[in-house]
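Here is what each chain is made of, one letter per residue.
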Amino acid sequence: METLVESSHEEQAENEDEQAGEADDVLAVCDFLSTPPLPESYRCNSVEEVRLLAIADNFQRQYSLLCPERKPLLLCPINECGVQKFVSTTLRPTMTSHPELLNWEGCASFVADFLSLNPLEPPGELPRFLFSSTSVLRSQTATCFEYTSVLCSLLLGANYDAYCVSGYACKEMCLLDQRLQECPLLDTQEKAAASELPVDSEPAVRFQREPKSRFLIQHAKKKQEEADAKAKQQEEVLQPPDDPLQGLRVHCWVLVLAGCRSVEDNFFVDPMTGRSYTTTNEHFLGVESVWNNLNYYVNMQDCKDGCAELVYDLHDIKLWEPILFGVTSKRQLSINLLKRKEMKMMGMTWEDEEEEEDRVFEMPRSWVSSISISQQDLETRWPGGKKLTRYKKAELERFAPYLRMDGLVTRLNIYKDMDCTEVVTVKEWYKDRNDHLKERVLDKLTGITTERFTPGRHFHLLFHKFTSAQTDGYEHDMEFSGARVDGLVRRVDTPGEMTESFEGREDFLYYRQVIFDTNVQLPKEAAPEERPLLKVLERFHRNPNKDANNDVAERVFMASQRRIEVKYHLEEHRFVPCMRTFIKPRDSSDHQHKAEDFRADMVSGFHVDPAKKPLHTLALYDLLSDLVKAEKDVALQIMSSKKEVQDIVVCREQEETDILLHFSPWTTTGAAKARNLREEMERVATEEQRWLQEKENDFLAPFLRRLCDIEIVRADDAERLYNDSLTEFKERMVAQAQLIQERHDQATQALQKIQEHYQEDQQNMSHQEEKEYQAYCAQHTSQIHIAQKRLSMHKRSAAQRYRALDQRLKQDPRLAPYLLSRTHTHNI
């Protein structure tokens, strides 16, 4: 098949008329894209694009003539502005600055989450329209071809050798129907759970011949065959009905070839789910063509067996027919770039190759604007911030961070039946909660709730498993971090028993089991820790600083039997440990029996070394005293543990009623929240500063503080404020006048005193003393004159200031309504 390089002006005019005829329909559908205005490249074609359209039109005619049994190719769909554009120019390779979009997994996951599907209609025909990636990301709705264009543009920008594939696929893939597929979140959890299971070690003893029952073997085999038959029958029931359009449904996906970014094998990527598949996967039923931003290739291979036998050697023109011959592929461009760098380092040029390349018609640059993905798009992720996906016996709900006030980001509902009517398990994942809750699992059948927390919360709680209030009894299974002072790592509490596990304790305690007396009926108002104890079992690790015969390995307190059993650690080369049993003597608190003294027959035991001398009675008594004291301490610790369980339950109930989220400043939502909070704090600080300034300038502020409510002024309060203000002002004026008069009198008395002294000693004074006397008299005379003048000015201004204050009080909006009806006369 030959490609026409040049087209006539008549063909160009026909193409332009067809474009103008279809423009009105497209613009009517895409009114929302008219704002903001699109660039000029969206609304018209360049000279190179017009030439490429002519080449594509000629290629389409030759293809239809030579392959009449095949469907037309998708070459020149219409964009959002009603203009025909070649599909390769719709791809805009874009490299983003977001780390999560630098690999194919992140790009595929983002595109699958961010867009919602607009199915092809009819499903067996190619679409007439193909919008740009910028418009698709703005509307967040796309066909499978637009899905692929966005994903392929991102992969090309990330330096993958990616291609858009136009072909055929099964119904479930074309319609994004995943109701027969297992939820990927369940698969991930099952693999993680399997990896955490301990690996069984080889048995220490192997039997040469292990006896087996033939009956049991046949019974197990028969049971397995029945289970297999039942599973096979269920699979047959779950199989979807036959699709009348099987093999005819048009679909578009991404092909990633090996060679770039350490990709070793070719693989497919479904842009609507973000999953990868092998190129032989049975869901893909055929390929018509592939294209990237450099060229367009038509598949010339037979697809009667699907895509299993296809060879993706795009350089072989017998297998793949290109539209543009001689165009450099992406792989060759990478090789040429490396060669140019090497030759540049050697001081050589690349002129001959460049001249040869100039003679080949290259694919015009993309008419699409650069793809812009903001941080908010990555965080919001799904259309409207949430998305519901249905899988086999499961529903997966995902929410954007901070969309829900409880911090929920993922919810997985697992159902018992295929119709998803009866919920079995609900799994929820949370983020950025103030109570550090990160995961909750609710088993609807058993009523058991499991919660997991991040480190840093109250009581150092990491795991909490409990039963609902509707079930009989209760059970709390808790796990704690290693930051606790008491070394507690796990506690299981039930009405009749409590077990605790410890790590890193100084007393080497690592296990405690407490059994309560459930036969005793407690009052309703009694606390759970008040239930009497039946038995307490404690186990200890080996203390290397003690002798094994004196290092306690296990001790049992049986309060109801007044007995204490102690077992010690094993010595080396011994098979039996030392043991002692103590019977506690009755004390005076037991009113039914008399107090007993300690006797040697209250102790029984076994020592592995018969030659060792037994302990004296006094030593045994001291040992029993220590055990009795330890029993009391253990009882107090058990009560504290039971109370802590109740405190944790109450704390969790309060936290669920008052949920707060910690907004990270590294997210757009958190940054906006922090900015709003800072602006609010600045506004409050400004208002408070203005209020303080107003209070400082308020002449009534000292008097308003005497009122019970400074915001509300009543009639009697107004009268009292008015009188108190004038009275205090009058007193202050009088006090100032008295102060000036006192200073005048002091200066006058001092001057008179020095003058009298001068009259007495005038004959004996020297010339220097006379000068000092004259200076002193001049100074005090000046002070007296100033004091007289200030007093005169103060008396004249006091009356004016008093009248001004009276007028100001009458005009004050807080006092004026109550003072207008009365006439106040005051004299100063």
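Everything below is about the structure printed above this text.
This report concerns the structure included in the present document. In this text, all values refer to a predicted model and were calculated from it rather than measured experimentally.

What counts and what doesn't
Throughout this description, residue numbers start from 1 for each chain and increase along the sequence as written. The predicted origin of the model limits local features to residues at a pLDDT of at least 70 and limits the giving and counting of side-chain atom pairs to 80 or more, whereas totals for whole chains, interfaces and linings rest on all residues. To get the side-chain values, all heavy atoms of the structure are used, and hydrogens and water are removed first. The numbering of helices and of strands both runs from the N terminus, where a helix is a DSSP run of H or I of at least 4 residues and a strand a run of E of at least 2. Here's how the labels work: a residue is buried when its accessible area is under 20% of the maximum for its type, exposed when over 50%, partly exposed in between, all with a 1.4 Å probe on protein chains only. Every case where a carboxyl oxygen of Asp or Glu lies within 4 Å of a side-chain nitrogen of Lys or Arg is listed as a salt bridge. Polar contacts here mean pairs of N or O atoms no more than 3.5 Å apart (in protein, one a potential hydrogen donor and the other a potential acceptor; neighbouring residues in sequence count only if both atoms are side-chain atoms). Two residues form a contact once any of their heavy atoms are found within 4.5 Å. Pairing of aromatic rings covers Phe, Tyr and the six-membered ring of Trp, with a centre-to-centre limit of 6.5 Å; geometry is then stacked below 30 degrees between planes, edge-to-face above 60, and tilted otherwise. Only residues whose relative accessible area exceeds 30% and that form no salt bridge are eligible for patches; like-charged ones are grouped when within 9 Å, while nonpolar side chains (Val, Leu, Ile, Met, Phe, Trp, Tyr) are grouped when within 5 Å. Accessible surface is estimated by sampling points in the Shrake-Rupley manner with a 1.4 Å probe; for residues, cover comes only from the protein chains shown. Angles shown run from 0 to 180 degrees and are taken between the N-to-C directions of axes, each axis being a line fitted to C-alpha atoms and, for helices, limited to the stretch in contact. Roughly parallel refers to an angle under 35 degrees, roughly antiparallel to one over 145, roughly perpendicular to one between 65 and 115, and oblique to any angle outside these ranges. Note on convention: the crossing is left-handed when the near helix lies turned anticlockwise from the far helix by less than a right angle, right-handed when the turn is clockwise. When residue character is reported, Ala, Val, Leu, Ile, Met, Phe, Trp, Tyr, Cys and Pro are called nonpolar, Asp, Glu, Lys and Arg charged, and the others, Gly included, polar. Throughout, nonpolar core names a set of buried Ala, Val, Leu, Ile, Met, Phe, Trp, Tyr and Cys residues whose side chains join them through atoms within 4.5 Å. In this description, strands pair whenever DSSP reports at least two bridges between them. Given a helix with a known number of residues, its expected span is that number minus one, times 1.5 Å. Consider a residue and the seven residues that end there alongside the seven that start there; fitting an axis to each set, the bend is the angle between those axes.

With that settled, the discussion passes to the overall build of the protein chain. On a plain count of helices and strands, the protein chain comes out with 19 helices and 25 strands. Residues counted as buried form 39% of the 828 residues belonging to the protein chain.

Attention shifts here to the pattern of salt bridges. Counted according to the given criterion, the structure contains 41 salt bridges. A salt bridge links Asp243 to Arg249, with the nearest nitrogen and oxygen atoms 2.7 Å apart. According to the relative accessible area criterion, Asp243 is buried, its value standing at 14%. As a salt-bridge pair, Glu538 and Arg512 come within 2.9 Å of each other at their nearest N and O atoms. With a gap of 26 residues between them, Glu538 in strand S21 (residues 533–540) and Arg512 in strand S20 (residues 509–516) connect regions that are remote in the sequence. Arg512 carries the same exposure label as Glu538, and that label is buried. A network of salt bridges, in which partner residues are shared, links Glu397, Arg411, Glu428, Arg433, Asp435, Arg440, Glu451, Arg457, Arg652, Glu655 and Glu656.

Here we come to the side chain of Ser132. Position of Ser132 relative to the elements: it lies in the loop between strand S1 (116–117) and helix H6 (133–139). Residue Ser132 is classed as buried on the basis of its relative accessible area, which comes to 0%. Here Glu80 takes part through its side chain, which lies 2.5 Å from a polar atom of the side chain of Ser132. In terms of polar contacts, Ser132 uses its side chain to reach the side chain of Thr134, at 3.1 Å. Leaving out residues up to four positions away in the same chain, Ser132 has contacts with Tyr42, Glu80, Trp367 and Val368.

Time to look at the packing of aromatic side chains. The full count for this structure, using the stated rule, is 16 aromatic pairs. With 5.5 Å between their ring centres and 75° between their planes, Tyr277 and Phe284 make a pair best called edge-to-face. There is no split in this pair, since Tyr277 and Phe284 are both buried. Site record: aromatic cluster; members linked through ring pairs are Trp253, Phe268, Tyr277, Phe284, Tyr312 and Trp320.

Turning our attention to a nonpolar patch on the surface. On the surface, Phe575, Val576, Met579 and Phe606 cluster together to form a nonpolar patch covering roughly 430 Å² of accessible area. Along the chain, the position of Met579 falls in strand S24 (residues 579–583). Of the residues examined, Met579 reaches a relative accessible area of 34% and is grouped as partly exposed.

Backbone torsion omega between Glu121 and Pro122 reads -5°, so that peptide bond is classified as cis. Structurally, Pro122 can be placed in the loop between S1 and H6. Even without glycine at this site, Cys420 takes up a positive phi of about 55°. Structurally, Cys420 can be placed in the loop between strand S12 (408–415) and strand S13 (423–430).

This brings us to the packing of helix H5 (residues 104–114) against helix H7 (residues 144–157). Here H5 crosses H7 at 155°, and the two axes come no closer than 10 Å. Taken together, the axis directions place H5 and H7 in an arrangement best described as roughly antiparallel. The chirality of how H5 crosses H7 is right-handed. Residues Trp104, Cys107, Ala108, Val111 and Ala112 of H5 form the contact with H7, whose participating residues are Tyr147, Val150, Leu151, Leu154 and Leu155. Of the residues in the contact of H5 with H7, the class split is 10 nonpolar, no polar and no charged.

When you line up the elements, Arg249 lands in the loop between helix H10 (214–238) and strand S4 (250–256). Taking the C-alpha atoms as reference points, Arg249 and Gly124, separated by 125 residues in sequence, lie 4.6 Å from one another. In this structure Arg249 touches Pro123, Gly167, Tyr168, Ala169, Lys171, Cys174, Leu175 and Asp243, once residues within four positions along its chain are discounted. Here the side chain of Arg249 touches Asp243 through a polar contact of 2.7 Å, side chain to side chain.

Leu75, Phe86, Phe145, Leu155, Trp291 and Tyr296 are the most contacted members of the largest nonpolar core, which has 63 residues in total. At nine residues, H7 tops the list of elements feeding residues into this core. Those residues within four positions of Phe145 in sequence are excluded, and the remaining contacts are Leu74, Leu120, Leu126, Pro127, Leu130, Ser166, Val250, His251, Cys252 and Trp291. Counting 21 residues, the second largest nonpolar core, distinct from the first, contains Ala169, Trp253, Phe284 and Leu310.

The seven strands are arranged S6-S5-S4-S3-S7-S8-S9 in an open sheet whose pairing can be described as antiparallel. Only two strands of the sheet have a single neighbouring strand rather than two, namely strand S6 (275–278) and strand S9 (320–322). The mean inter-strand angle of the sheet, taken between neighbouring strand axes irrespective of direction, is 35°. Taken together, the three bridges between strand S7 (residues 284–291) and strand S8 (residues 296–299) define a ladder with antiparallel strand orientation. Considered in S8, the bridge of Val290 is made with Tyr297. On top of the sheet, H7 reaches strand S3 (162–169), S4, strand S5 (267–270) and S7; it is set at about 10° to S4, its chief contact.

Glancing now at the pairing of strand S17 (residues 476–480). Within S17, four of the five residues are buried, which leaves it mostly tucked inside the rest of the structure. With five bridges connecting them, strand S16 (residues 461–467) and S17 associate as antiparallel partners. Bridging across to S17, His464 finds its partner in Met478. Alignment of S17 against strand S18 (residues 488–493), held across four bridges, turns out to be antiparallel.

The subject of this paragraph is helix H18 (residues 767–811). Across its 45 residues, H18 extends 65 Å between first and last C-alpha, which sits within 8% of the 66 Å expected from 1.5 Å per residue. The largest bend in H18 is about 25°, located at Ser797. Among the residues of H18, Tyr773, Cys777, His780, Ile784, Ala787, Leu791, His794, Ala798, Tyr802, Leu805, Asp806 and Leu809 are the ones counted as buried.

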